[in-house]
Amino acid sequence: MKKETDLDSIKSTARTFLYLDINETPYGAMLVQHPFTNSGLVCLQNDKGHEFVNLLEDDNALVRWRDLMKDRIQECENVYQLYLLVNKPYRIAFLKYTVDFMSRDDMSQILADIWIGTESPNLDPNMSKAKLVSLFKKANPNELMNEDELRIFNQLADTVTIYRGVTSYNADNIKALSWTLDYDKAEWFANRFGEEDGTVYEAEIEKAHILAYFNRRNESEVIVDPKHLIDIEETQSQSNGMTMI
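Notes on the structure follow. (Residues numbered from 1 in each chain as written. Predicted model: local features only at pLDDT ≥ 70, side-chain atom pairs only at ≥ 80, totals over all residues. Heavy atoms only, no water.)

1. Structural notes on the packing of aromatic side chains
Applying the stated rule across the entire model yields 7 aromatic pairs. Look at Phe-17 and Tyr-97: their rings are 6.1 Å apart centre to centre, the planes differ by 65 degrees, and that puts the pair in the edge-to-face class. With a gap of 80 residues between them, Phe-17 in helix α1 (residues 7-18) and Tyr-97 in helix α4 (residues 91-98) connect regions that are remote in the sequence. Overall, Phe-17 belongs to the buried group, its relative accessible area being 8%. By relative accessible area, Tyr-97 is classed as partly exposed at 47%. An angle of 55 degrees between the planes, with centres 5.0 Å apart, marks the rings of Tyr-83 and Phe-94 as tilted. (Phe/Tyr/Trp six-rings, centres within 6.5 Å; stacked < 30°, edge-to-face > 60°. Helix = DSSP H or I, 4+ residues; strand = E, 2+ residues; numbered from the N terminus. Buried < 20%, exposed > 50% of the residue type's maximum accessible area, 1.4 Å probe, protein only.)

Listed below in structure tokens is the structure:
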């Protein structure tokens, strides 16, 4: 990481991402996959005003759209503005290729924002668990967490009981970074897709291996180094009048 963020290098990386192919989905041009657009149908300015164009079918429109996005990238005054241009599913990948150009404080703020705002960051194939753990360890706690989160983080006991709810979608990802202090929240995650076979796990971990605490989504989330989880056990639903194992 840099002492000061190298915004020009991050902008250069963004322009590289801009020229990635636009991937189609079963929904056609209405829904596509790309770092800077989730629809192939966009509105561009022309001599008469504005027009809707199909980026998948009109090569000229694609060139015009990329030129527009290059201008928007160049106009960004800080790294946070630039990250907001990137679609959420691509932000961890973008972080992977730009983290070495960032200051510690900027990296900390971006890491927290991506983690809180991205669906299933534990499962993102662009960054390994080891790399994510290393970034959380390098982060500045004062920039990673807000004042209330930092206060609760500092008050955690030396050993903490934590919970993780999984569904059939992520059932193999028990040793993940994301856990919670709240059993009820873990149970909600286990059943959030209406599944009856969701599972809640309980574990112990020493505070020294808790890397952050986030509560901006009211999830009492703790980020841990999963190598140091202790006594992972499956629990039984409290809502069925049963006690946890």
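2. Some remarks on the nonpolar core
It is characteristic of soluble globular proteins that their nonpolar side chains tend to be buried jointly. In terms of nonpolar packing, the biggest core is built from 65 residues, with Phe-36, Trp-65, Leu-95, Phe-136 and Phe-214 touching the most fellow members. The element contributing the most residues to this core is helix α5 (residues 104-117), with 7 residues. For Phe-136, the residues in contact, after removing those within four places along its chain, are Leu-111, Trp-115, Leu-144, Leu-177, Leu-211, Ala-212, Phe-214 and Ile-223. Core analysis: the second largest hydrophobic core is formed by 5 residues, Tyr-183, Ala-186, Ala-190 and Val-200 among them. (Core = buried A, V, L, I, M, F, W, Y, C linked by side-chain atoms within 4.5 Å. Contact = heavy atoms within 4.5 Å.)

3. Section: the packing of α4 against α5
Where α4 meets α5, the closest approach of the two axes is 10 Å, and the angle between their N-to-C directions is 160 degrees. By the angle class used here, α4 and α5 are roughly antiparallel. Considering only the axes of α4 and α5, their crossing is left-handed. From α4, Arg-91, Ile-92 and Leu-95 reach across to α5, where they touch Ile-110, Leu-111, Asp-113 and Ile-114. When the residues that make up the contact of α4 with α5 are grouped by side-chain class, the tally is 5 nonpolar, no polar and 2 charged. (Axes fitted to C-alpha atoms, helices over the stretch in contact; angles between N-to-C directions. Parallel < 35°, antiparallel > 145°, perpendicular 65-115°, else oblique. Left-handed = near helix turned anticlockwise from the far one by under 90°. Nonpolar A, V, L, I, M, F, W, Y, C, P; charged D, E, K, R; others polar.)

4. A look at the pairing of strand β9 (residues 221-224)
Of the two faces of β9, the one holding Glu-221 and Ile-223 and the one holding Val-222 and Val-224 are both buried throughout. When strand β6 (residues 178-180) meets β9, the two strands line up antiparallel, connected through 3 bridges. By the bridge assignment, Ser-178 is partnered in β9 with Ile-223. In the sheet, strand β8 (residues 210-214) pairs with β9 via 4 bridges, with the strands oriented antiparallel. Note on β9: the bridge partner recorded for Phe-214 is Glu-221. (Pairing = 2+ DSSP bridges.)

5. Structural notes on the environment of Asn-191
Assignment of secondary structure puts Asn-191 in helix α9 (residues 183-191). Given a relative accessible area of 34%, Asn-191 falls into the partly exposed group. For Asn-191 and Asp-47, which are 144 residues apart along the polypeptide, the C-alpha to C-alpha distance reads 53 Å.

6. A few points about a negative patch on the surface
There is a patch of like negative charges on the surface, built from Glu-24, Glu-57, Asp-58 and Asp-59. Overall, the relative accessible area of 59% leaves Glu-24 in the exposed class. (Patch = residues over 30% accessible without salt bridge, like charges linked within 9 Å, V, L, I, M, F, W, Y side chains within 5 Å. Areas by Shrake-Rupley, 256 points an atom, 1.4 Å probe, with all protein chains shown as cover. Salt bridge = Lys/Arg side-chain N within 4 Å of Asp/Glu carboxyl O. Lys, Arg positive; Asp, Glu negative; His and termini not counted. Charge placed at Lys NZ, Arg CZ, Asp CG, Glu CD.)

7. What about α9?
Residues of α9 that are buried: Tyr-183, Lys-185, Ala-186, Glu-187 and Ala-190. Buried positions along α9 lie against β5 (159-166), β6 and β7 (199-206). With a side-chain oxygen lying 2.9 Å from the backbone nitrogen of Asp-184, the N-terminal cap of α9 falls on Asp-182. (Polar contact = N/O pair within 3.5 Å; in protein donor to acceptor, adjacent residues only side chain to side chain.)

8. Topic: the pairing of β7
Of all 8 residues making up β7, 6 are buried, and the element is well covered by its neighbours. Two elements, β7 and strand β10 (residues 230-234), share 3 bridges in a ladder whose sense is antiparallel. When the bridges of β10 are listed, Glu-204 appears paired with Ile-230.

9. Remarks on a nonpolar patch on the surface
There is a patch of nonpolar side chains on the surface, built from Tyr-27, Met-30, Leu-31 and Leu-41 and spanning about 430 Å² of accessible area. Of note, Tyr-27 is situated in the loop between β1 (23-24) and β2 (32-33).

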